[in-house]
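Structure assessment
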Amino acid sequence: MTTNHQETDVTSGATVWLTGLPSAGKTTIAYELAGRLRAEGHRVEVLDGDEIREFISAGLGFSREDRHTNVQRIGFVAELLARNGVKALVPVIAPYSDSREAVRKRHDTHGTAYLEVHVATPVEVCSVRDVKGLYAKQAAGELTGLTGVDDPYEQPETPDLRIESQNQTVQESATAVHTLLSERGLA
């Protein structure tokens, strides 16, 4: 029996790196997508930036060098998971383009699928969402070095996908990423 549709290999791994400002919606989109992928039979891990900071990058600060080190550690773990058949969803700010490019190169070196998704929510929207109270602390003078406010965020010039989360629901955002994975034969 032959079929005309393409079978998707649920054992193929990939890293989906969701970058954007604090409170952009990265983690929310990642968990929505994770649920959908798991329901389809994929093995999925969400490498939440806050959890990584607590367990793998404890002791690192927020200098450019420490942020780079944090991103490289996360990139190593993501590539290792993806190379072994897991969809690694990585909602991490990763403010510097050279850090993100080094992660992409690590994946390329190992022949591991890597997709960069820019959750391009404007800082004005993020500061209203302020999920962790960071923008309020920065405005009150209790916090400095907030990415996108008084610390740089280098937007990806050519991401695989750009999402403007303020213009769509979480489900629509997750669907856009799922569609990209499907188009690349990864979902």
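Cut-offs used in this document
- Residues numbered from 1 in each chain as written.
- Predicted model: local features only at pLDDT ≥ 70, side-chain atom pairs only at ≥ 80, totals over all residues.
- Heavy atoms only, no water.
- Helix = DSSP H or I, 4+ residues; strand = E, 2+ residues; numbered from the N terminus.
- Rg over C-alpha atoms; globule rule 2.2 N^0.38 Å.
- Buried < 20%, exposed > 50% of the residue type's maximum accessible area, 1.4 Å probe, protein only.
- Contact = heavy atoms within 4.5 Å.
- Lys, Arg positive; Asp, Glu negative; His and termini not counted.
- Charge placed at Lys NZ, Arg CZ, Asp CG, Glu CD.
- Phe/Tyr/Trp six-rings, centres within 6.5 Å; stacked < 30°, edge-to-face > 60°.
- Lys NZ or Arg CZ within 6 Å of the ring centre and 35° of its normal.
- Salt bridge = Lys/Arg side-chain N within 4 Å of Asp/Glu carboxyl O.

Our focus in this paragraph is the overall build of the protein. Along its length, the protein carries seven helices and five strands. Scanning the protein from its N terminus toward the C terminus, one meets helices and strands in the order β-α-β-α-α-β-α-β-α-α-β-α. Taken over C-alpha atoms, the radius of gyration comes to 17 Å for the protein, in line with the 16 Å a tight globule of 187 residues would show. Along the longest, intermediate and shortest principal axes, the C-alpha atoms of the protein span 70 × 35 × 30 Å. Per-residue burial over the protein gives 44% buried out of 187 residues. The contacts in the protein between residues at least 6 apart in sequence include a share of 77% that link residues at least 24 apart. Each charge sign in the protein was given a centre, from 19 positive and 27 negative side chains, and these centres are 3 Å apart.

Another aspect to go through is unusual backbone geometry. Although it is not a glycine, S23 adopts a positive phi angle of roughly 70°. Looking at where S23 falls in the secondary structure, it is placed in the loop between strand 1 (14–19) and helix 1 (26–39). A relative accessible area of 16% places S23 in the buried class. With phi around 45°, A94 is a residue other than glycine that occupies positive phi space. Looking at where A94 falls in the secondary structure, it is placed in the loop between strand 3 (87–91) and helix 4 (97–110).

By convention here, two paired aromatic rings are described through the distance between centres and the angle between planes. Using the criterion set out here, one finds one aromatic pair in the structure. Each ring, one from W17 and one from Y114, has its centre 6.4 Å from the other, and the planes form 40°; the classification is tilted. With a gap of 97 residues between them, W17 in strand 1 and Y114 in strand 4 (residues 114–119) connect regions that are remote in the sequence. Taken as a pair, W17 and Y114 share a single burial class, namely buried. Residue placement shows R53 over the ring face of F62; its charged tip is 4.0 Å from the ring centre. Geometry around Y96 places R64 over its ring, the cationic atom sitting 3.8 Å from the centre.

Let's shift gears to the environment of E51. Looking at the secondary structure, you find E51 in helix 2 (residues 49–55). Residue class for E51 comes out partly exposed when judged on its relative accessible area of 39%. Separated by 131 residues in the primary sequence, E51 and S182 have C-alpha atoms spaced 28 Å apart. Residues within four places of E51 in sequence aside, it is in contact with Y31 and I56.

Turning our attention to the pattern of salt bridges. Applying the stated criterion to the full structure yields eight salt bridges. D50 serves as the salt-bridge partner of K132, at 2.7 Å between the closest nitrogen and oxygen. With K132 in the loop between helix 5 (123–129) and helix 6 (134–139) and D50 in helix 2, this residue pair connects regions lying 82 residues apart in the sequence. Residue D50 is classed as partly exposed on the basis of its relative accessible area of 43%. When the shortest N-O distance is used, the salt bridge between E154 and R64 registers 3.8 Å. With E154 in the loop between helix 6 and strand 5 (161–163) and R64 in helix 3 (residues 64–83), this pair connects stretches of sequence that are 90 residues apart. We classify E154 as partly exposed; its relative accessible area is 28%. With a relative accessible area of 39%, R64 lands in the partly exposed category. Each of the salt bridges in this network shares a partner with another, and the network as a whole consists of R64, D98 and E154.

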